[in-house]
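Each chain is listed here by its residues.
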Amino acid sequence: MKFMKIGTRPDTFYTEEATRTVISDIPSDLIIKIKRISYFLHKLQFSLLPRCSLLQRLCADSTDSSIVTIELHDIPGGEEAFELCAKFCYGITINLSAHNFVPAFCAAQFLQMTEAVERGNFVLKLEAFFNSCILEGWKDSIVTLQTTAKLIELSENNGIIRRCIDSIVEKVLTPPSKVSWSYTYTRPGFSKHQKSVPRDWWTEDISDLDIHLFRYVITAIRSTFMVLPQLIGEALHVYALRWLPDTTNIRSSAESSASQTDETIEKHKRILETIVSMIPGDKGSVSVSFLLRLLSIGNSLGASSLIKTELTRRACLQLEEATVNDLLLPLHPSSDQHFYDIELVLAMLESFLVQWRRESPAPTYKNRPTKSIRKVAELIDSYLQVIARDANMPVSKLVSLAEALPVVARRSHDDLYKAINIYLKEHPNMNKADKKDLCRILDCQKLSPEVRAHAVKNERLPLRTVVQILFFEQEKGSRPPENKMPLQELFSRKHAASPEDDLAKLELGPNEQSREAEGTRKTAAPQSSIVIDEQRTKKPDTKVMKGEIDKVGSEKGREFREQGNSGAKVDTEKIIPKGSARDRQQ
């Protein structure tokens, strides 16, 4: 930071109550009132009036011996700026820097301390300092630009804002190899001992600016077409991290929402809207994680539907790049409800599917490019496994999100089975109807042999789902898993899950481990793979199974087999005689 010292006399201003007086043998004959402060000064004994054209006009009708009182309540910069001008006239030493240049310059212009009044006047010296020191420095230009926020109109009229922005843009466009001035850079993974300067070295420094000044700088940088969109996006990201509330943590977001005043909320809304309006149109200029964070902040602040729609549209274009943690956005407000904003994720998924169908020229799903949709399906299924742990998550929301994906999206239903299993375990008091709704989204034909082997022993699953799995195994004609349970044994099993058959052996995968929301039930960490205790299983008796099916009669048995061959789900009520052991147990 550069300074300029003007004047040689010691400071002789002193304060007494609400007055500022210059120590002098000559009595004061000029009183300047600025707000609550009164300055007792001299008209002609010192060069105050000779240097200030405005004061000369205001004192024109007074005599040399009379005491004149002038009110200057509207002087730019207030009493501090006026005192700098007065001390300059008295020859008292003052220090000028980027912090006080703008108010001093605007006050000097207001008092008309120009060369037309006297040579070597204050305005000329301030302009020399501005050109030779401030505009040549990186931090000086930013600090000076920031101080114009309180005197925005005068700064624009005097050209201070434009010239500071031009200086900043010129330095931003400098090749990183030639950057030698000091800068602030605290991004992860960087050390100032490194010889190379990062390309986004300037992003943190300009984040000090108010949002309207920041927008001026970013607009000027973009107009040069010499900076990559990704660098513009990084500058927006840094600014949002500094000035917008953090909504990624459920507890902190709830506390911050409660403590925010209406004024703070409106300020954050303006910042959010400005940032969204400046996001480059190039895909990938900002990360999907950043877009989702802005969307979550918009929900918490009550942003306009236009802003949220735009963020949703932008995020859905990059949804396949997201991670599970990116989707774990808290619901606002989250009190007495489930913690995660599943509606937001569902809206984004639906928007993605609309775009996906529009870009595909094929009229049927078979010929559509499936790489992106399957990647999104894996993401959604991993997300379902996390939110299934939420004790307050309604089963209807879980089912809606799972069913939103088209059939072609899932090559396997193993991950979906894991999500269902977790939900059943975390919600042991579910009724039959909810269990039926939850399990109907599962396609038993898309389960791997290991998962099917686990499912037939899973006491939490509805019996009809287990029967479907066993029936598809039989109809498939392949060698069934060694641990498959005979249908006769299924009908007589107890519904209460045994400790030995705990499903903690089911692997949830690395992507499914996430932050546990406060208030949710603590669950054991999933194991590394699906493990089935072969000691406790026995080979299926296909004759017994067939015998159970044949009991229904040839007509219903034929209907049962036709449904199995067509891939339809089997209604167990059609294959189990009334009054059977299963009905009595239920």
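Residues numbered from 1 in each chain as written. Predicted model: local features only at pLDDT ≥ 70, side-chain atom pairs only at ≥ 80, totals over all residues. Heavy atoms only, no water.

Glancing now at the sheet that holds strand β4 (residues 30-34). An order of β2-β3-β5-β4-β6 is seen for the five strands of this open sheet, with the pairing classed as mixed. On the outer flanks of this sheet lie β2 (13-16) and β6 (68-71), each paired with one strand and no other. Sheet twist, expressed as the mean angle between neighbouring strand axes with direction ignored, is 20 degrees. Of the strands in this sheet, β2, β3 (19-22), β4 and β5 (37-41) touch helix α3 (residues 78-90), which is tilted by about 10 degrees from β5. (Pairing = 2+ DSSP bridges. Helix = DSSP H or I, 4+ residues; strand = E, 2+ residues; numbered from the N terminus. Axes fitted to C-alpha atoms, helices over the stretch in contact; angles between N-to-C directions. Contact = heavy atoms within 4.5 Å.)

Let us look at the nonpolar core. In this structure, Phe-122 and Trp-202 are the most contacted members of the largest nonpolar core, which totals 160 residues. In contact with Trp-202, other than residues within four places in its own chain, are Trp-138, Val-172, Ile-218, Ile-221, Val-227, Leu-231 and Ala-235. (Core = buried A, V, L, I, M, F, W, Y, C linked by side-chain atoms within 4.5 Å. Buried < 20%, exposed > 50% of the residue type's maximum accessible area, 1.4 Å probe, protein only.)

Counted according to the given criterion, the structure contains 13 salt bridges. We note a salt bridge from Lys-87 to Glu-83, for which the minimum N-O separation is 3.3 Å. One end of the pair is Lys-87 and the other is Glu-83, both in helix α3 and four residues apart, which spans about a single turn. By relative accessible area, which is 12% here, Lys-87 ends up buried. On the accessibility criterion, Glu-83 (13% relative accessible area) is buried. Linking Asp-437 and Arg-440 is a salt bridge whose minimum nitrogen-to-oxygen distance equals 3.6 Å. What makes Asp-437 partly exposed here is its relative accessible area of 33%. Residue class for Arg-440 comes out partly exposed when judged on its relative accessible area of 40%. (Salt bridge = Lys/Arg side-chain N within 4 Å of Asp/Glu carboxyl O.)

Now for the side chain of Asp-326. Looking at the secondary structure, you find Asp-326 in helix α16 (residues 324-327). In this structure Asp-326 comes out as buried when scored by relative accessible area, which is 15%. A polar contact is formed between the side chain of Asp-326 and the side chain of Ser-289, at a distance of 3.1 Å. Not counting chain neighbours up to four residues away, the residues in contact with Asp-326 comprise Val-288, Ser-289 and Leu-292. (Polar contact = N/O pair within 3.5 Å; in protein donor to acceptor, adjacent residues only side chain to side chain.)

Right, let's talk about the packing of helix α15 (residues 305-316) against helix α17 (residues 342-359) for a bit. Where α15 contacts α17, the two axes come as close as 9 Å, and the packing angle between them is 60 degrees. With respect to each other, α15 and α17 are oriented oblique. At the point where α15 passes α17, the crossing takes the right-handed sense. Across the interface between the two elements, Thr-312, Arg-313, Ala-315 and Cys-316 from α15 touch Ala-347, Met-348, Ser-351 and Phe-352 from α17. Its residues placed into classes, the contact of α15 with α17 shows five nonpolar, two polar and one charged. (Parallel < 35°, antiparallel > 145°, perpendicular 65-115°, else oblique. Left-handed = near helix turned anticlockwise from the far one by under 90°. Nonpolar A, V, L, I, M, F, W, Y, C, P; charged D, E, K, R; others polar.)

Before going further, it helps to spend a moment on helix α4 (residues 101-110). Most of α4 sits inside the fold, with eight of its ten residues counted as buried. For α4, the set of buried residues is Phe-101, Val-102, Pro-103, Ala-104, Phe-105, Cys-106, Ala-107 and Ala-108. Elements that come into contact with the buried residues of α4 comprise α3, β7 (94-96), α5 (122-134), α6 (138-147), α7 (152-157) and α8 (160-172). Following α4 by one or two positions, Gln-112 adopts a phi angle in the positive range, close to 60 degrees.

Although it is not a glycine, Gln-112 sits at a positive phi angle of roughly 60 degrees. Topologically, Gln-112 is positioned in the loop between α4 and α5. Of note in the backbone geometry, Phe-225 takes a positive phi value of approximately 60 degrees without being a glycine. In this structure, Phe-225 sits in the loop between α10 (211-223) and α11 (229-243). Classification of Phe-225 as exposed rests on a relative accessible area of 76%.

Another point: the environment of Ser-412. Note that Ser-412 resides in the loop between α19 (395-404) and α20 (414-426). With relative accessibility at 33%, the residue Ser-412 sits in the partly exposed group. Between the alpha carbons of Ser-412 and Arg-374 there is a distance of 9.9 Å; along the sequence they are 38 residues apart. Engagement of the side chain of Ser-412 in a polar contact is seen with the backbone nitrogen of Asp-414, the distance being 3.1 Å. Here the side chain of Ser-412 touches Lys-446 through a polar contact of 3.5 Å, landing on its backbone oxygen.

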